Amino acid sequence: MCKDVCPEHAVTKKAMTTLNHIIADKFEQIMAESRGLIVNTKKGTLTSKEIEIACKLLITGELGQNAIEIGRKALTKFSTDQ
């Protein structure tokens with residue numbers, strides 16, 4: 001995908017590994033927050049609502065709003081493809 005946006009630029013393997021670790025860490029934080037939400041509400045099922053709320057709490061500002069918007073689009077696309 002990076003090559004589509006900026007074909008004249010490249011990303012080193014070390015930079016890609018670092019980025020992958022950052023994303024995995026943020027994913028773990030979102031899942032932990034989502035788990036806390038379902039435990040506090042005594043629900044037994046994790047839904048997109050809990051994940052969206054966790055994202056709102058952990059990813060602030062424009063980046064968070066963008067992440068939620070893209071997540072909603074992906075969920076809608078996935079739901080219609082089923």
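Predicted, not measured: the structure shown is a model, and the values here were computed from it. (Residues numbered from 1 in each chain as written. Predicted model: local features only at pLDDT ≥ 70, side-chain atom pairs only at ≥ 80, totals over all residues. Heavy atoms only, no water.)

### Points about helix α2 (residues 13–40)
Here comes step 1: The first and last C-alpha atoms of α2 sit 41 Å apart over 28 residues, in line with the 40 Å expected at 1.5 Å per residue.
Here comes step 2: Taken together, the buried positions of α2 are Ile30, Ser34, Leu37 and Ile38.
Here comes step 3: In this fold, the buried residues of α2 make contact with α3 (48–58).
Here comes step 4: Two residues or fewer after α2 comes Lys42, characterised by a positive phi angle close to 60°. (Helix = DSSP H or I, 4+ residues; strand = E, 2+ residues; numbered from the N terminus. Expected span 1.5 Å × (residues − 1). Buried < 20%, exposed > 50% of the residue type's maximum accessible area, 1.4 Å probe, protein only. Contact = heavy atoms within 4.5 Å.)

### What about the pattern of salt bridges?
Here comes step 1: According to the stated counting rule, one finds four salt bridges in the structure shown.
Here comes step 2: A salt bridge links Glu50 to Lys43; its shortest N-O distance comes to 2.7 Å.
Here comes step 3: Across the pair Lys56 and Glu52 runs a salt bridge, and its minimum N-O distance is 3.7 Å. A residue pair is termed a helical-turn pair when its members lie 3 or 4 positions apart in one helix, as Lys56 and Glu52 do in helix α3 at four residues.
Here comes step 4: With a relative accessible area of 22%, Glu52 lands in the partly exposed category. (Salt bridge = Lys/Arg side-chain N within 4 Å of Asp/Glu carboxyl O.)

### Topic: α3
Here comes step 1: All of the buried residues along α3 are Glu50, Ala54 and Cys55. The buried residues of α3 occupy an angular sector of 140° when projected down its axis, which confines them to one face.
Here comes step 2: On its buried side, α3 packs onto α2 and α4 (61–81). (Arc of directions from axis to C-beta.)

### What to know about the environment of Gly64
Here comes step 1: Among the structural elements, Gly64 can be located in helix α4.
Here comes step 2: By relative accessible area, Gly64 is classed as buried at 2%.
Here comes step 3: Sequence spacing of Gly64 and Pro7 is 57 residues, and the spatial spacing of their C-alpha atoms is 27 Å.

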